[in-house]
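# Structural overview for review
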Amino acid sequence: DRITRLAQRMFDVPIALISLVDKKRQWFKSKQGLGAGETCTLPVTLNPENRIMEVPDASMDQRFHDNPLVIGDPYICFYAGFVLQSHDDHNLGTLCIIDSKPRHLSDDNRKMLFDFGMLAQDAFQSLRYEDKDIHTGLYNRRGFLTVADYVLEAAAKPRASYLNYLYRKAKFFTASKRVWRID
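Bear in mind the structure is a predicted one, so any value in this text is a computation, not a measurement. Every residue gets a number counted from 1 within its own chain, in the order that chain's sequence is written. Given that this is a predicted model, residues contribute local features only at a pLDDT of at least 70 and side-chain atom pairs are listed and counted only at 80 or more, while totals for whole chains, interfaces and linings are drawn from all residues. With hydrogens and water excluded, all non-hydrogen atoms of the structure serve as input to the side-chain values.

### Digging into the overall build of the chain
Which entries qualify depends on this criterion: Put simply, DSSP marks the helices as runs of H or I at least four residues long and the strands as runs of E at least two long, and each gets a number from the N terminus on. Each residue's exposure class comes from its accessible area (1.4 Å probe, protein chains only) as a fraction of the maximum for that residue type: buried when under 20%, exposed when over 50%, partly exposed otherwise. Contacts are assigned to residue pairs that have any heavy atoms within 4.5 Å of one another.
When helices and strands are tallied, the chain shows five helices and five strands. Across the chain, helices and strands are ordered from the amino to the carboxyl terminus as α-β-β-β-α-β-β-α-α-α. Across the 183 residues in the chain, those meeting the buried criterion constitute 36%. Pairs at least 24 residues apart make up 53% of the contacts formed inside the chain by residues separated by at least 6 positions.

Here it is, written out as structure tokens:
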């Protein structure tokens, strides 16, 4: 919330968001300028090559001109978003700023949005190290208990789904190229 509050103030926009996405949904990790049940974002395609996407006037952009969030409340006009990525370059979501008036980012504002985005991305990436020792890569107590919970939950499942479950979790828990073997 601190990053979105600062971005909202620094860019003088009514709305600042950190959104996370997967293949089927989007949710807000942090939002400023919206009520609890409100959603507010344009269906943008995350482009890792160009980390910042800017839409100066959504009402004039063919991709968004008829979007309900553009023609109705909250009347999105300006949108700028920074693509947040994981340590292995998977798109996680965006840090975005939204205004109801058309505008353009100056070069300094682009750099500032990039810096805010990197702060948010670094915060997400630092969560990777909460369960592991940063020097050895071994699980600490918290990490061990998390893995143990997953294994105990998986043990209650039928064998085929159990193996599939373990495989998915093993991929999640291994940042290095370790091979997990299940006999």
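Next comes the rest of the description.
### Brief notes about the packing of aromatic side chains
Using the following cut-off: Only Phe, Tyr and Trp rings are paired, with Trp represented by its six-membered ring, and only when their centres lie within 6.5 Å; those with planes under 30 degrees apart are stacked, over 60 edge-to-face, the remainder tilted. Should the NZ of a Lys or the CZ of an Arg lie within 6 Å of a ring centre and within 35 degrees of the ring normal, that charge is described as sitting over the ring.
This structure, assessed with the given rule, holds two aromatic pairs. The interplanar angle of 85° and the centroid separation of 5.3 Å between the aromatic rings of phenylalanine 82 and phenylalanine 114 together place this pair among those described as edge-to-face. Separated by 32 residues along the polypeptide, phenylalanine 82 in strand β4 (residues 78-85) and phenylalanine 114 in helix α3 (residues 107-126) bring together distant segments of the chain. You can call phenylalanine 82 buried: its relative accessible area is 0%. Sitting over the face of the ring of phenylalanine 78, arginine 103 holds its NZ or CZ atom 5.3 Å from the ring centroid.

### Structural notes on the nonpolar core
Heads up, the rule is: Here, nonpolar core refers to any group of buried Ala, Val, Leu, Ile, Met, Phe, Trp, Tyr and Cys residues whose side-chain atoms link them within 4.5 Å.
In this structure, Phe11, Ile18, Ile97, Leu105 and Leu113 are the most contacted members of the largest nonpolar core, which totals 19 residues. Excluding residues that lie within four positions of it along the chain, leucine 105 makes contacts with Phe11, Ile52, Glu54, Phe78, Ala80, Ile97, Arg110 and Leu113.

### With respect to the sheet that holds strand β3 (residues 52-55)
Counted only if it meets this: One requirement defines pairing of two strands: DSSP has to find at least two bridges between them. An axis is simply a line fitted to the C-alpha atoms; with a helix, the fit covers only the stretch in contact. Between two such axes, the angle follows the N-to-C directions and lies from 0 to 180 degrees.
Strand order in the open sheet formed by five strands is β2-β1-β5-β4-β3, and the pairing between neighbours is antiparallel. Here the strands that pair on one side only, and so sit at the sheet edges, are β2 (26-32) and β3. In this sheet, adjacent strand axes meet at a mean angle of 20° when their direction is disregarded. Here six bridges tie strand β1 (residues 15-21) to strand β5 (residues 91-99), and the two strands are oriented antiparallel to one another. When the bridges of β5 are listed, leucine 17 appears paired with cysteine 96. Against the sheet, helix α1 (residues 2-11) makes contact with β1, β2 and β5, and its axis sits at roughly 140° relative to β1, the strand it touches most. Here α3 sits on the sheet in contact with β1, β2, β3, β4 and β5, set at roughly 40° to β4.

### Considerations on α1
Residues spaced three or four apart along an α-helix face the same direction, because each turn holds 3.6 residues. So the rule is basically this: As used here, the arc is the angular range of directions from the helix axis to the C-beta atoms.
Taken together, the buried positions of α1 are Ile3, Thr4, Ala7 and Phe11. Seen end-on, α1 carries its buried residues on one side only, within an arc spanning 95°. Pointing more than 90 degrees away from the buried face of α1 are the exposed residues Arg2 and Arg9. Two residues or fewer after α1 comes aspartate 12, characterised by a positive phi angle close to 55°.

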